[in-house]
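Structural features, examined
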Amino acid sequence: MTSTPDVAQASAQSGETVTKTFREAITDALWEEMERDESIFIMGEEVGVWGGTYAVTRGFHDHFGEKRVRDTPIAEQAIVGAAVGAAMNGLRPIAEIMTINFAFLALDALVNLAAKARYMFGGQFKVPMVVRTTTGGGRQLGATHSHSPEHIFAHFPGLLVVVPSTPADAKGLLKAAIRNDNPVLFVEHSTLYQTRGEVPVDDYVLPLGKADIKREGTDVTLVSCAKMVQVSLEAAKELEKEGISAEVVDLRSLRPLDTDLVMESFRKTNRCVVVEESHALYGIGAEVAARIQEQAFDWMDAPVQRVATEDVPLPYSRDLEQSALPDAQKVVNAVKQII
Amino acid sequence: MALTKKQSLEAYRLMNLIRRFEEKCAELYAAGDIGGFLHLYIGQEAIAAAARYALRDDDNIITAYRDHGIALARGLPTDQVMAEMFGKATGTSKGKGGSMHLADIDKRFWGGWAIVGSHLPLAAGLALADQYRDEDRVTLALMGDGATNIGYFHEALNMAAVWKLPVVWLVENNQYGMGTAVTRASAVADIAKKAEAYGMPCCMQVDGMDLLETYEMIKEAAAYARSGQGSFFLEVNTYRYRGHSMGDPERYRQAHEVEAQKATDPIVRWAEHLKEQKIATAKKLAELEQEAEDEVEAAIEFARNSPFPAPEELYDDIYA
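Each value, and the rule that gives it
- Residues numbered from 1 in each chain as written.
- Chains lettered and ligands numbered in written order.
- Predicted model: local features only at pLDDT ≥ 70, side-chain atom pairs only at ≥ 80, totals over all residues.
- Heavy atoms only, no water.
- Helix = DSSP H or I, 4+ residues; strand = E, 2+ residues; numbered from the N terminus.
- Buried < 20%, exposed > 50% of the residue type's maximum accessible area, 1.4 Å probe, protein only.
- Contact = heavy atoms within 4.5 Å.
- 1 Å grid on protein atoms, 1.4 Å probe; cavity = no way out; pocket = protein on both sides within 12 Å on 5 of 7 lines; lining within 4 Å.
- Points joined across faces, edges and corners; volume = space filled by probe spheres on them.
- Domains from an automatic or database assignment.
- Pairing = 2+ DSSP bridges.
- Lys, Arg positive; Asp, Glu negative; His and termini not counted.
- Salt bridge = Lys/Arg side-chain N within 4 Å of Asp/Glu carboxyl O.
- Polar contact = N/O pair within 3.5 Å; in protein donor to acceptor, adjacent residues only side chain to side chain.
- Buried area = accessible area lost by both parts, 1.4 Å probe.
- Core = buried A, V, L, I, M, F, W, Y, C linked by side-chain atoms within 4.5 Å.
- Axes fitted to C-alpha atoms, helices over the stretch in contact; angles between N-to-C directions.
- Parallel < 35°, antiparallel > 145°, perpendicular 65-115°, else oblique.
- Left-handed = near helix turned anticlockwise from the far one by under 90°.
- Nonpolar A, V, L, I, M, F, W, Y, C, P; charged D, E, K, R; others polar.

Some remarks on the environment of Val332(A)
Residue and element names in this part refer to chain A. Within the secondary structure, Val332 sits in helix H12 (residues 328-338). By relative accessible area, which is 2% here, Val332 ends up buried. Spatially, the C-alpha atoms of Val332 and Pro315 are 24 Å apart, while their sequence positions differ by 17 residues. Val332 has contacts with Ala235, Glu238 and Leu239, leaving out every residue within four places of it along the chain.

The following block contains the structure:
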């Protein structure tokens, strides 16, 4: 049994959409929520005058002012810790950790403060906060700046971990995260910021903890999240040319982990490849594979395959780094091993 | 402004309450009624009592794992605090926190936190929320001397100074971080010098065995923080008579050092003060001591008779 918060909430939709980048969708969600609720504020390194190192909060400092858009010292423990304290005392902080690589510095604050403040004191405190951060490799940033460790944070009860893959999901899930009364780690893949998609124009709020079928198929289930959804979709296109129909399940959040949709898909396809950007050891694939053998053993036609980053620190040199990361061809190869 | 007569007597009762409570906890720990880690406050009672009267009731207090004394001073019900020691459902944290994790949101006592220094950014955040809403509360952040060597301390103080957050940072310098003397662990023996580096007013060498002096310093620090000028730092010298926790072999100090320190005992000194000032007779003091003892005995009774958390509570309160 794992702990699952009650996170179902969604808003009515007009159906009208507009094309936005992933970055714009996040900017819109932040802006709209800040306009809606005065108790929301942003704090982090270079979020203010600079406008965010990924330009997500450009213009916020001028519009909302210094009080609500706070540049912080380079001090991840204090950024997350102070956000927890402010959340306990009635505000709704959105703390930004520039990249998830720096969240290791705040691991204690996330795990021992944010995730424990409620349970450890018998439910007296609420911690309504979001920690936004970026993840992902593939940008030649070397070993320390290229981690994708979001699943590590999902290990701990008390935290929620959200990993959107599309602009629409990013907007809807970020709004849900901001309105949730629990600490949410909201993980944005840095190579997705320029991607485009249709985004509902309404006050678009998705439920947290619901996976989504990004492509329907019948022969194999590809389970992934964030950037790896793109990789899986590319692989699915390749497989289609060879007459293999792949279904792509986007987890969208790692905690809660929506295994219902995974099982539904798996009971149809009887085969599964998990595509994850971190290392395979103790990873998302390990968890999904375990759940499948627990919950859908009788539907298994083949072992669950994992496509993950090679078990090495990521190197700088471009082709060498790319060779270590999952790509569509690796996914295709994995599928062919079980079909 | 000095303590009123009523407060003076209450403070005597309170310090006795804390000491009796801690002595009983030591016995109950040995008997197996209390588990986990147990960090006693004996010797440091004057600081908690001083904080009790130097702050407004709606100010915030947060501390580390040596939290029984300040919790009782803040007015957390003795029954519930003892029940938490026993891991009972009637405890302040419903039996889920234990000795190191007492809290009471209604009393704005934001917890004992057990990772050294981790509560210091929480203090900054609590103060930030009040500042954000233009509320004139201050936050008292108590910490041990050992906490001033960890990154959390420096990040939190720097942030608080940059943002002029209304925090009173109070180091309870009991001379040892676990078993390592301050001079062996801190590059500067005067801990307040570290805070001076962050540009905040500091007061070092406050005598934490002297209730009045400590009370006056916290009061002054709180007034400064409340005025909107930012944080204030206090280094308060004190001494714990017992080990760091119950499993401490105390190889780092001699018995005669502890005995010598007891000559400055805060409760004895306060009793003498009350008699000298004709605020209380010996008989009155004995009555207050007895009241404290009775309150602790009643709390033990309450804790013993309380139920343990029901099995189904295991999964409660992880998420809001």
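A closer look at empty space enclosed by the protein
All names here are of chain A. This model, assessed by the stated rule, comprises 4 cavities of 30 Å³ or more. The computed volume of the largest cavity comes to approximately 70 Å³. Contributing to the lining of the largest cavity are 13 residues, with Glu150, Cys225, Met228, Glu276 and Glu277 lying nearest its centre. For the lining of the largest cavity, the secondary structure elements donating two or more residues are helix H6 (150-154), helix H8 (227-241) and strand S13 (272-279). Domain assignment of the residues forming the lining of the largest cavity places at least three in each of domain 1 (17-200) and domain 2 (212-338). Counted as a void, the second largest cavity has a volume near 60 Å³. In this structure, the second largest cavity is lined by Gly52, Thr53, Tyr54, Val56, Glu96, Ile97, Met98, Arg132, Thr133, Thr134, Glu188 and Tyr193. Looking at the lining of the second largest cavity, the elements with two or more residues in it are strand S4 (92-97) and strand S5 (130-135). Broken down by element, the residue count for the lining of the second largest cavity peaks at 3 residues, all from S5.

Comments concerning the pairing of strand S3 (residues 139-144) of chain B
All names here are of chain B. Among the 6 residues of S3, 5 are classified as buried, and the element is accordingly described as predominantly covered. Taken together, the 3 bridges between strand S1 (residues 60-63) and S3 define a ladder with parallel strand orientation. By the bridge assignment for S3, Ile61 is matched with Leu140. As judged from the 6 bridges shared by S3 and strand S4 (residues 167-173), these two strands associate in the parallel manner. Directly across from Ala141, in S4, lies its bridge partner Trp169.

Remarks on the side chain of Glu150(A)
Residue and element names in this part refer to chain A. Assignment of secondary structure puts Glu150 in helix H6. Buried within the structure, Glu150 lacks any salt-bridge partner; Lys227 is the closest side chain of opposite charge, at an N-O distance of 11 Å. In this structure the side chain of Glu150 is engaged in a polar contact, spanning 2.7 Å, whose partner is the side chain of Thr135. Glu150 has contacts with Ile100, Thr135, Val161, Val163, Val187 and Leu254, leaving out every residue within four places of it along the chain.

With respect to the interface of chain A and chain B
Listed by partner, the interface residues are 52 residues for chain A and 44 residues for chain B. Taking both partners together, chain A and chain B bury about 3,900 Å²; carbon and sulfur atoms supply 65% of that area. Our enumeration of links across chain A and chain B arrives at 0 salt bridges. The interface formed by chain A and chain B includes 25 residue pairs in polar contact (both at pLDDT 80 or more).

Section: the nonpolar core
Residue and element names in this part refer to chain B. Counting 91 residues, the largest nonpolar core has Trp169 and Phe233 as its most contacted members. Sequence-distant contacts of Phe233, defined by excluding residues within four places in its chain, comprise Phe153, Leu157, Trp169, Val171, Ile191, Ala192, Ala195, Met200, Pro201, Cys202 and Cys203. Formed by 68 residues, the second largest nonpolar core is a distinct cluster that contains Leu38, Ile70, Leu140 and Cys203.

Observations regarding the packing of helix H4 (residues 78-85) of chain B against helix H12 (residues 282-305) of chain B
Residues and elements named next belong to chain B. The contact between H4 and H12 brings their axes to 8 Å, and the two run at 50°. Judged on the interaxial angle alone, H12 and H4 are oblique. Between H4 and H12 the crossing geometry is right-handed. On the side of H4, the interface is formed by Thr78, Asp79, Gln80, Met82 and Ala83, while H12 contributes Glu295, Val296, Ala298, Ala299, Ile300, Phe302 and Ala303. Its residues placed into classes, the contact of H4 with H12 shows 8 nonpolar, 2 polar and 2 charged.

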